Amino acid sequence: MKFIIDRFDGKKNYQQTYTLEKKDIEALTLLGTLLLIKQKQDITLNFTASCRMAICGACGVRVNGHAYLGCDTKMTELFEEYKDADTFRISPLANYTVLSDLVVDWEPAIENLRKIKPGLVAKDSFSEKEGCVQNQKEYDRIVKQWDCILCGVCASECNKLTADRSDYAEPFVFTQAWRLANDSRTKDPMINTKAAVKNGLWNCVHCHECTNRCPKHISAANDIAGLTVLALKKGLNSGLGPAHAKAFHTDLVEGSGRLNEIYLALRTEGVSTVARTGMAITLMRAGKMNPLEIFGGHTIEGHKDLVKMIEAAKAATKE
Amino acid sequence: MQKEFAFFPGCVLTQAAIESKMSIEAIAPILGIKLREITGWSCCGASQAQGVDPIATLVANARNLALAEKLNLPVLTTCSTCLLMLRRAKAELDGGEKERINTFLAKGDMNYKGTSEVTSLLWVLAQNIEEIKAKVKKPLSNLKVAVFYGCHSVRPEKDLGFESSVNPTSFETVVKALGAHVVPFEKRLNCCGFHAVYPAEKSAMKMTSGIVNSAAESKADCVVTPCPLCQMQLDIYQDDAQDTTKSKARVPVLHLSQLVGLALGIPAKKLGLDYNVIDASKLG
């Protein structure tokens, strides 16, 4: 089998091909295979790894353009996933700056993590003597997110980061913010929620690559949605992101029960802005949207009952 | 082949993607599929309302599924975001929320049982390849197609569960069955940016442009997608996106159902090809 590995020596990028017998690697992990190449074929190949048990998060790499945690990925899983493949392309994590071969620069991501204030600010009621006690239910609420090992696999595949890293943070940063905001011991969930909003929370493109690739089965996208719910509850509702999301909810509950795309443009950007309101007019001209929908469209059959159901759910949730 | 489905069009098929609805309704009878539109279906939340009021969207989707159950049929949708939202709601309900949510549905004399599965047009076609091949009247042998899955057709894999999310094959299998040539297309699994086109417009346009340029570099005659939201983003916003990146490439973007319709010999007009914003008339 051939392994084409992306290399970088500090000045130039190139690919190097290594050949291995399938029988020699089928009992190994992806990290084991990289170690075998380094030990038997090329001592100069650089990558990071430490614990070999999916705890340290150091050995994330890409295979055929998708990120994996090396020590947590069996070669047999890759054979199954990429059926008939006799060649694998190994690359460094995407959306990071490459330092050497498969080694990437973590500093900017750690800087982003600092921005959401990752240290827990405990409630004043806690004391050094009594500690910060949490009951089982409170702990269980955040235990999944505690599993995050900062391996960067989610960030590597994030489509928003690939498009523009300047107005968004790595998905795991939002997972950490969610965990802190939902920790029963926190003095104020808004410490982290506000910081998450400030660092691009609403710019998530909902591609779910983070959910899909996380070796710990954490969904950063769900944590992002959890933070938007929290932000809106606390009145952090300025900007196009909140207006856009709320337009769907408004149409569902207060409108016809279905999305009104003309209202969507107006509700998101307001009547004074033209960009996508103009798009709605283009669609109407193309005959794709009914201008009568501007008066609210047809209310769905059973909408009154739907509203009653939602109101009952909301009342029960408040109790 | 399951012949009858409770059809969940999703909001976009009633307005900005009416050609998707037209073409699905045109191909279904030829393929022997009976679609019964769910009366009174509501918006699925579109992955947006879920970030405002998750309990409201779970209730709305429990109601949508309960309406389909009344028809005693599995649910079929072509919108990948509707597919994901409905399947996630079903998983949540079947995973322990059913009883609680049913107390709310009772306010409208409804009850969710969990008897209707949720599937997509792409999956149903992929499961019935031989029958499709037999119905092809005009093989698309001169057409080079860039297949674009769209995020929610494949991700998250645990919620969709139909095929590998990093190496899916269903779409290629269907397009090849129509006689078309599938071109290598680097960005077939990328995100089109649709869900953030308002808050992160610059990024969304860059993503859209990258996909169109990738298809053009592959010498594709068209991009095809099963998801009407991806189609809308790649088609309606294509001029804007290409202006943003100063690219001259333009590629028509078809719905999966439109491509199937062409192979079945259905006239372009009936498939709504004239509604596509980037000129697709020469494909018909």
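What you see is a predicted model, and the numbers here were worked out from it, not measured in a lab.

## Description of the overall build of chain A
Consideration 1: For chain A, the count of helices and strands is 15 helices and seven strands.
Consideration 2: Judged by the C-alpha coordinates and their principal axes, chain A covers about 70 × 65 × 35 Å.
Consideration 3: Counting across all 319 residues of chain A, residues that qualify as buried make up 44%.
Consideration 4: Counted over contacts in chain A with a minimum sequence separation of 6, partners at least 24 positions apart contribute 66%.

## Re the domain arrangement of chain A
Residue and element names in this part refer to chain A.
Consideration 1: Split into domains, chain A comes out as domain 1 (2–103), domain 2 (106–233) and domain 3 (240–318).
Consideration 2: If you average the C-alpha positions of domain 1 and of domain 2, the two centres end up 28 Å apart.
Consideration 3: Every contact between the two is made by 15 residues of domain 1 and, on the other side, 14 residues of domain 2.
Consideration 4: Those elements that provide at least two residues to the side of domain 1 that touches domain 2 are β3 (60–63) and β4 (66–69).
Consideration 5: In terms of residue count, β4 provides more of the side of domain 1 that touches domain 2 than any other element does, four residues in total.
Consideration 6: Of the residues in the side of domain 1 that touches domain 2, the class split is nine nonpolar, four polar and two charged.

## Side note on the interface of chain B and chain A
Consideration 1: On the side of chain A, 57 residues touch chain B, which itself brings 52 residues to the contact.
Consideration 2: Top element by residues in the side of chain B that touches chain A is helix α2 (residues 54–70) of chain B. It accounts for six residues.
Consideration 3: Classifying every residue of the side of chain B that touches chain A by side-chain character gives 27 nonpolar, 18 polar and seven charged.

## Section: unusual backbone geometry
Consideration 1: At the junction of R155 of chain B and P156 of chain B, the peptide bond is cis and its omega measures out at -10° in the coordinates.
Consideration 2: Considering the arrangement of structural elements, one finds P156 of chain B in the loop between α6 (151–154) and α7 (157–160).
Consideration 3: In this model, H206 of chain A sits at a positive phi of 60°, which is unusual for a non-glycine residue.
Consideration 4: Turning to its location among the elements, H206 of chain A is positioned in the loop between α9 (190–198) and α10 (209–213).

## Quick look at the sheet that holds strand β7 (residues 222–225) of chain B
Residues and elements named next belong to chain B.
Consideration 1: Across the sheet, four strands lie side by side as β6-β5-β7-β8; this open sheet has parallel pairing. Two strands in the sheet have a free side with no partner beyond their single neighbour: β6 (181–182) and β8 (253–255).
Consideration 2: In this structure, strand β5 (residues 144–147) lies alongside β6, joined through two bridges in parallel fashion. Looking at β6, one finds that K144 is bridged to H181.

## A short note on the domain arrangement of chain B
All names here are of chain B.
Consideration 1: Entries for chain B in the domain assignment read domain 1 (4–121) and domain 2 (135–283).
Consideration 2: Contacts between the two partners involve 26 residues from domain 1 and, on the opposite side, 26 residues from domain 2.
Consideration 3: Residue assignment for the side of domain 1 that touches domain 2 shows that the elements contributing at least two residues are α1 (18–31) and α3 (80–105).
Consideration 4: Among the elements that take part in the side of domain 1 that touches domain 2, α1 stands out by supplying ten residues, more than any other.
Consideration 5: Grouping the amino acids of the side of domain 1 that touches domain 2 by side-chain chemistry returns 16 nonpolar, seven polar and three charged.

## Digging into the packing of helix α5 (residues 136–146) of chain A against helix α8 (residues 171–181) of chain A
All names here are of chain A.
Consideration 1: Relative orientation of the contacting elements α5 and α8 amounts to 165°, with a least axis distance of 9 Å. Classed by the angle they form, the pair α5 and α8 counts as roughly antiparallel. As for how α5 packs across α8, the hand of that crossing is left-handed. Judged by residue contacts, I142, Q145 and W146 of α5 engage T175, W178 and R179 from α8.
Consideration 2: The residue inventory of the contact of α5 with α8, partitioned by class, reads three nonpolar, two polar and one charged.

## Section: the sheet that holds β3 of chain A
All names here are of chain A.
Consideration 1: Pairing is mixed across the open sheet formed by five strands, whose spatial order is β2-β1-β5-β3-β4. The open sheet has two edge strands, β2 (13–19) and β4, and neither has a second partner. Here the strands of the sheet are splayed against their neighbours by 30° on average, with no regard to which way each runs.
Consideration 2: With two bridges connecting them, β3 and strand β5 (residues 87–91) associate as antiparallel partners. By the bridge assignment, R62 is partnered in β5 with S91.

Conventions used here
Residues numbered from 1 in each chain as written. Chains lettered and ligands numbered in written order. Predicted model: local features only at pLDDT ≥ 70, side-chain atom pairs only at ≥ 80, totals over all residues. Helix = DSSP H or I, 4+ residues; strand = E, 2+ residues; numbered from the N terminus. Buried ≥ 20, exposed ≤ 12 C-beta atoms within 10 Å, placed from the backbone. Contact = placed C-beta atoms within 7 Å. Domains from an automatic or database assignment. Nonpolar A, V, L, I, M, F, W, Y, C, P; charged D, E, K, R; others polar. Pairing = 2+ DSSP bridges. Axes fitted to C-alpha atoms, helices over the stretch in contact; angles between N-to-C directions. Parallel < 35°, antiparallel > 145°, perpendicular 65-115°, else oblique. Left-handed = near helix turned anticlockwise from the far one by under 90°.

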